[in-house]
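Listed here are the chains, written in short residue letters.
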Amino acid sequence: MELKLNIYNGKAIEKTYRAETFDIMFGTVEDLLNIIDLEKLNSETEIAKIVIKAIPILKPLLKEVFEGVTNDELRRTKVKELIPLFINIFVFALKELNSNSSKN
């Protein structure tokens, strides 16, 4: 699964970071699971609330996934692009956990 993070300069995309694979630390997944209410993931408003609540966790997560991205660049990303990105990262993490547990 390719993930991408667009960095904007005004309305124009200045730079795009891409990631095919990545490792997420278990502690990060645990933190996300403590914030996310799976029953509310079908509402964009609820997802937005979760993202806002999770910003202290998500910012370092983005830096783990997209090597080299800076805090300044993260400030120039669009929230409407971040929500589906976080969902994809979370789904990827759950698949990784599931595939590792099924190997044991």
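The structure reproduced in this document is the subject of the present report. (Residues numbered from 1 in each chain as written. Predicted model: local features only at pLDDT ≥ 70, side-chain atom pairs only at ≥ 80, totals over all residues. Heavy atoms only, no water.)

1. Looking at the overall build of the chain
Phase 1: A count of helices and strands for the chain gives 5 helices and 2 strands.
Phase 2: A compact globule built from 104 residues would reach a C-alpha radius of gyration of about 13 Å, and the chain, at 14 Å, matches this within 12%.
Phase 3: Structurally, the chain occupies a C-alpha span of about 45 × 30 × 20 Å along its principal axes.
Phase 4: Relative to its full complement of 104 residues, the chain shows a buried share of 35%.
Phase 5: Put simply, the chain shows about 7000 Å² of open surface, and 52% of that area lies on carbon and sulfur atoms.
Phase 6: When the 15 positive and 16 negative side-chain charges of the chain are each reduced to one mean point, those points stand 7 Å apart. (Helix = DSSP H or I, 4+ residues; strand = E, 2+ residues; numbered from the N terminus. Rg over C-alpha atoms; globule rule 2.2 N^0.38 Å. Buried < 20%, exposed > 50% of the residue type's maximum accessible area, 1.4 Å probe, protein only. Areas by Shrake-Rupley, 256 points an atom, 1.4 Å probe, with all protein chains shown as cover. Lys, Arg positive; Asp, Glu negative; His and termini not counted. Charge placed at Lys NZ, Arg CZ, Asp CG, Glu CD.)

2. Some points on the layout of surface pockets
Phase 1: Of the voids in this model, the largest pocket is the one considered here, and its volume is about 260 Å³.
Phase 2: Along the walls of the largest pocket sit V51, I52, I55, L58, K59, L62, L74, R75, T77, V79, L82 and F86, which together make up its complete lining.
Phase 3: Looking at the lining of the largest pocket, the elements that each hand over two or more residues are α2 (44-53), α3 (55-65), α4 (71-75) and α5 (79-103).
Phase 4: For the lining of the largest pocket, the element with the highest residue contribution is α3, accounting for 4 residues.
Phase 5: When its residues are assigned to classes, the lining of the largest pocket shows 9 nonpolar, 1 polar and 2 charged. (1 Å grid on protein atoms, 1.4 Å probe; cavity = no way out; pocket = protein on both sides within 12 Å on 5 of 7 lines; lining within 4 Å. Points joined across faces, edges and corners; volume = space filled by probe spheres on them. Nonpolar A, V, L, I, M, F, W, Y, C, P; charged D, E, K, R; others polar.)

3. What about the side chain of N6?
Phase 1: Note on placement: N6 falls in strand β1 (residues 3-9).
Phase 2: A polar contact of 2.8 Å, which involves the side chain of N6, links it to the side chain of T16.
Phase 3: A polar contact of 3.3 Å, which involves the side chain of N6, links it to the side chain of E81.
Phase 4: Discounting chain neighbours no more than four positions away, the residues touching N6 are I13, K15, T16, R76, T77 and E81. (Polar contact = N/O pair within 3.5 Å; in protein donor to acceptor, adjacent residues only side chain to side chain. Contact = heavy atoms within 4.5 Å.)

4. Considerations on α2
Phase 1: When we look at burial in α2, the residues that qualify are I47, I50 and V51. Each buried residue of α2 lies within a common arc of 100° when the element is viewed along its axis, so the set occupies one face. Exposed side of α2, more than 90 degrees from the buried face: T45, I52 and K53 are the residues found there. (Arc of directions from axis to C-beta.)

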